[in-house]
Amino acid sequence: MLQFLHIKNLALMEEASLEFEDGFIAVTGETGAGKSVLLGALSLLSGARADRSVIRQGANTCELEAALCLADSEEIDRYLDELGLPRCVDGALLLRRVVGRKRMARAQINGSLTTLANLRNLGEYWIDFHGPGEPQKLFKERWQCLLLDCYAGLKDALADYREGFRKWVRWRAEVDSLRAGERLSEDEQAFIRSQIGLIDAAEVTEAGISELERDYNRLNRAQDLGSLVSSIESGLRGTDSATDKLSSLLVQARELAAMDEEAVAMADRLESMIIELEDLGADYRGLMDGLDADQEHLDRLQERVDLWYEVKRKFGPEVGHVLEKRASLERRLASQGDVEGAIARRERDLAALHGELDKQAEVIRRKRVKEAAAFSRQAEKLINALGFKKARLQIEVLREPALTEHGNSKVRMLFAPNPGLDLRPLKHIASSGEIARVMLALKAVLARVDATPLLVFDEVDANVGGEIAHTVGRELKMLGNHHQVICVTHLPQVAARGQSHFLVSKRQGTTSTSIAITPLHESKADRVEELARMLGDRSSAPARQHAEELLRR
């Protein structure tokens, strides 16, 4: 669950530090008070894009921090391992995001810098938003299918199927490309062969080119190299050299060793040093080998270097670029030799893969059919509790004529809000109030199988009132038994159900405006006053009496 949230310089909010409990959390306030700031902070921490307009006027940066305590962090830890980021310690997930006016934005997970994409992908594990636009999604059959698949637990099966389906699409495109591919003329094929021959003549390998360039540079600078090598060798091994001087010192060291046993080891080290210097001088002399090459060798070396420079100019500055180009030329040439054979082989691969995908899609379809009945029964029961008398909801699983990214079937939700009406697709019959309640019912059913720890509802109770508001509040509180639920609401019947209650208020001075978020659940009097305001009049005795009654219920 979300335990701590720190907001600094976001929109009209200067700074706030909030601590949260588990269960159902109600967020209320006057219209336009800025309740969206709290949801905006959570959205940014879950990876939503942001521009500099989110930064409070007069500030240079907007800073957001959150600490979550996860009862089971195993899945998130596996994802963090894939990203090379620190795991959660004792189930604690720490998030931080900074948006600056002049500096690059920064995101951190468990103290380590990361990308916005990683923050966004991680957000799918810990938070799920349900906003005012959510009901409109119900009109799309693709989203209806997603809801059923979530309920049916088909995430892994669909991931495997889609991986295979994407491979099938790539192979199909490859076959189409081969069939429509350009045929090379004899002259074009001869030219490609000449280019491959040019690369081969240059003997292009990482080791070979490195040796060629080294030998060429050495021979070009043979005189300078020879002079330096001679000077170094003379200093190491010649008359009055380091070896010569150390040899005279060795004589004295041996005399000292004869008088003191502790000096024996030091004399041995000195002798080893002299031997090492002798060997080093010989190694430097070895650098001269090959520098006295004859003119024929020099000419061959120059030809190879000239050829390599020509190859680089044509095909790329590095060995890797040249070899990649050669492979590309080879593939293009090879494709001309056995196009029909290549097509036949890939067609066999496609047929085998399609057969496997057919089996996977059928397993997914049967699971959808089985779970659709259970899902619709539970949702229908809850829909009727939300104010419908005898509404019906049916989920159809229809077979598709061909495989798609979603399998061999699609999902369609049918709804009849009143007795005597035929079941029809949701988009044809549901009013805004009806669709909002249908969405809430579906989300409530799904939440029982959803492992996401934090659910955020933004005015999900819109177009709902009266007795139905009590049912909405009850369902949100029941969701709070399995998740942490944050709900922005204008309904006192819903707000009264919250185990925690936060008030968002706007403060306006003569030259500035700011937003504050205050916990009300610590004071019954403050909470009664807010509920009375939501009922219409905070100074009215009946309203305050009603507010107290709502809290008692």
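Residues numbered from 1 in each chain as written. Predicted model: local features only at pLDDT ≥ 70, side-chain atom pairs only at ≥ 80, totals over all residues. Heavy atoms only, no water.

**Q** Sorry if this is basic, but what is going on with the overall build of the chain here?
**A** Per the secondary structure count, the chain includes 20 helices and 15 strands. The C-alpha radius of gyration computed for the chain amounts to 38 Å, which surpasses the reference 24 Å derived for 553 residues by more than 25%, pointing to a less compact arrangement than a globule. A principal-axis box enclosing the C-alpha atoms of the chain has dimensions of 115 × 80 × 55 Å. Within the chain, the proportion of its 553 residues that are buried is 42%. For the chain, the proportion of contacts with a sequence separation of at least 24, taken over those separated by at least 6, is 70%. Of the accessible surface of the chain, which amounts to about 30200 Å², a share of 48% is contributed by carbon and sulfur atoms. (Helix = DSSP H or I, 4+ residues; strand = E, 2+ residues; numbered from the N terminus. Rg over C-alpha atoms; globule rule 2.2 N^0.38 Å. Buried < 20%, exposed > 50% of the residue type's maximum accessible area, 1.4 Å probe, protein only. Contact = heavy atoms within 4.5 Å. Areas by Shrake-Rupley, 256 points an atom, 1.4 Å probe, with all protein chains shown as cover.)

**Q** Can you help me understand the sheet that holds strand β10 (residues 407–416) in this one?
**A** As a general point, the strands of a sheet are linked pairwise by backbone hydrogen bonds and lie either parallel or antiparallel. Pairing is antiparallel across the open sheet formed by 3 strands, whose spatial order is β9-β10-β11. Across the chains shown, the open sheet's two edge strands, defined by having one partner strand only, are β9 (392–404) and β11 (424–425). Note: β10 against β11, 2 bridges, orientation antiparallel. Bridging from a neighbouring strand, leucine 414 pairs with proline 425 of β11. On the sheet, helix α5 (residues 141–152) packs against β9 and β10 and is oriented at approximately 100° with respect to β10. Against the sheet, helix α14 (residues 339–385) engages β9 and β10, with an angle of about 170° to β9. (Pairing = 2+ DSSP bridges. Axes fitted to C-alpha atoms, helices over the stretch in contact; angles between N-to-C directions.)

**Q** Got a minute to help me understand unusual backbone geometry in this structure?
**A** In most cases, non-glycine residues show a negative phi, while peptide bonds are predominantly trans. Despite not being glycine, aspartate 90 has its phi angle at roughly 55°, a positive value. Among the residues examined, aspartate 90 registers a relative accessible area of 74% and is labelled exposed. The backbone of glutamate 203 shows a phi angle near 50°, a positive value even though the residue is not glycine. Within the element layout of this structure, glutamate 203 appears in the loop between α7 (186–201) and α8 (206–220). Judged by relative accessible area, glutamate 203 falls into the partly exposed class, the value being 48%.

**Q** Help me understand helix α3 (residues 116–126), please; the structure alone is not making it clear to me.
**A** Side chains that are three or four residues apart share a direction in an α-helix, a result of its 3.6 residues per turn. All buried positions along α3 are accounted for by Asn118, Leu119, Leu122, Gly123 and Trp126. Buried residues in α3, looked at end-on, bunch into an arc of 145°, giving them a common side. (Arc of directions from axis to C-beta.)

**Q** Can you walk me through a negative patch on the surface in this structure?
**A** Negative charge collects at one region of the surface, where Glu276, Glu278, Asp279 and Asp283 lie side by side. Relative to the elements of secondary structure, aspartate 283 occurs in helix α11 (residues 264–286). (Patch = residues over 30% accessible without salt bridge, like charges linked within 9 Å, V, L, I, M, F, W, Y side chains within 5 Å. Salt bridge = Lys/Arg side-chain N within 4 Å of Asp/Glu carboxyl O. Lys, Arg positive; Asp, Glu negative; His and termini not counted. Charge placed at Lys NZ, Arg CZ, Asp CG, Glu CD.)

**Q** Looking at this model, I keep getting lost on the pairing of strand β13 (residues 484–488). Mind explaining?
**A** When a strand is regular, its side chains alternate between the sheet's two faces. The element β13 is extensively covered by neighbouring structure, given that 5 of its 5 residues are classed as buried. Of the two faces of β13, the one lined by Gln484, Ile486 and Val488 and the one lined by Val485 and Cys487 are each fully buried. Two strands pair when backbone bridges link them, and strand β3 (residues 24–28) and β13 are joined in this way by 4 bridges, in the parallel orientation. When the bridges of β13 are listed, alanine 26 appears paired with cysteine 487. In this structure, strand β12 (residues 454–458) lies alongside β13, joined through 5 bridges in parallel fashion.

**Q** For this particular structure, what's the right way to read the nonpolar core?
**A** The tendency in soluble globular proteins is for nonpolar side chains to be buried as a group. Within the largest apolar cluster, 47 residues are counted, with the highest numbers of intra-cluster contacts made by Leu5, Leu10, Leu93, Leu95, Leu122 and Trp126. The element best represented in this core is helix α1 (residues 36–45), accounting for 7 residues. Counting 44 residues, the second-largest nonpolar core is a separate cluster that includes Ala372, Met413, Phe457 and Val472. (Core = buried A, V, L, I, M, F, W, Y, C linked by side-chain atoms within 4.5 Å.)

**Q** How should the packing of α5 against α14 be read in this particular structure?
**A** At their nearest, the axes of α5 and α14 sit 9 Å apart, and the two run at 95° to each other. The pairing of α5 with α14 is recorded here as roughly perpendicular in orientation. Mapping the contact onto sequence places Cys145, Leu147, Leu148, Asp149, Tyr151 and Ala152 in α5 and Lys367, Arg368, Glu371, Ala372, Ala374, Phe375 and Gln378 in α14. Among the residues forming the contact of α5 with α14, the class breakdown is 8 nonpolar, 1 polar and 4 charged. (Parallel < 35°, antiparallel > 145°, perpendicular 65-115°, else oblique. Nonpolar A, V, L, I, M, F, W, Y, C, P; charged D, E, K, R; others polar.)

**Q** Would you take a moment to explain the pattern of salt bridges for this structure?
**A** Charged atoms that come close allow side chains of opposite charge to pair. All chains considered together, the criterion is met by 25 salt bridges. Among the salt bridges present, the one from arginine 87 reaches aspartate 81, with a minimum N-O distance of 2.8 Å. Note that arginine 172 is salt-bridged to glutamate 347, the shortest N-O span being 3.1 Å. Of this pair, arginine 172 sits in helix α6 (residues 155–180) while glutamate 347 sits in helix α14, placing them 175 residues apart in sequence. Take glutamate 347: its relative accessible area is 24%, and that puts it in the partly exposed class.

**Q** Please clarify how the sheet that holds β3 should be interpreted in this entry.
**A** Within the open sheet, the 6 strands sit side by side as β8-β12-β13-β3-β14-β15. Their pairing is mixed. If you trace the sheet from one side to the other, it starts and ends with β8 (127–130) and β15 (513–519), each paired once. Put simply, the sheet's adjacent strands are angled 15° from each other on average, direction ignored. The strands that helix α19 (residues 524–535) touches are β3 and β14 (500–508); relative to β14, the one it contacts most, it runs at about 70°.

**Q** It is not clear to me how the packing of aromatic side chains should be interpreted in this structure. Could you clarify?
**A** The geometry of an aromatic ring pair comes down to the distance between the two centres and the angle between the two planes. Following the criterion strictly, the structure yields 6 aromatic pairs and no others. Judged by centre distance (5.6 Å) and plane angle (85°), the ring pair of phenylalanine 388 and phenylalanine 415 falls under edge-to-face. Within this pair, whereas phenylalanine 388 is found in the loop between α14 and β9, its partner phenylalanine 415 is found in strand β10, the two being separated by 27 residues in sequence. Each member of the pair, phenylalanine 388 as well as phenylalanine 415, carries the same accessibility label: buried. (Phe/Tyr/Trp six-rings, centres within 6.5 Å; stacked < 30°, edge-to-face > 60°.)

**Q** Help me out: how do you make sense of the state of the cysteines in this one?
**A** One covalent bond between the sulfur atoms of two cysteine residues makes up a disulfide. Tallied over the entire structure, the rule returns 0 disulfides. Free cysteine cysteine 88: the closest other cysteine sulfur is in cysteine 69, separated by 9.8 Å. (Disulfide = S-S within 2.5 Å.)

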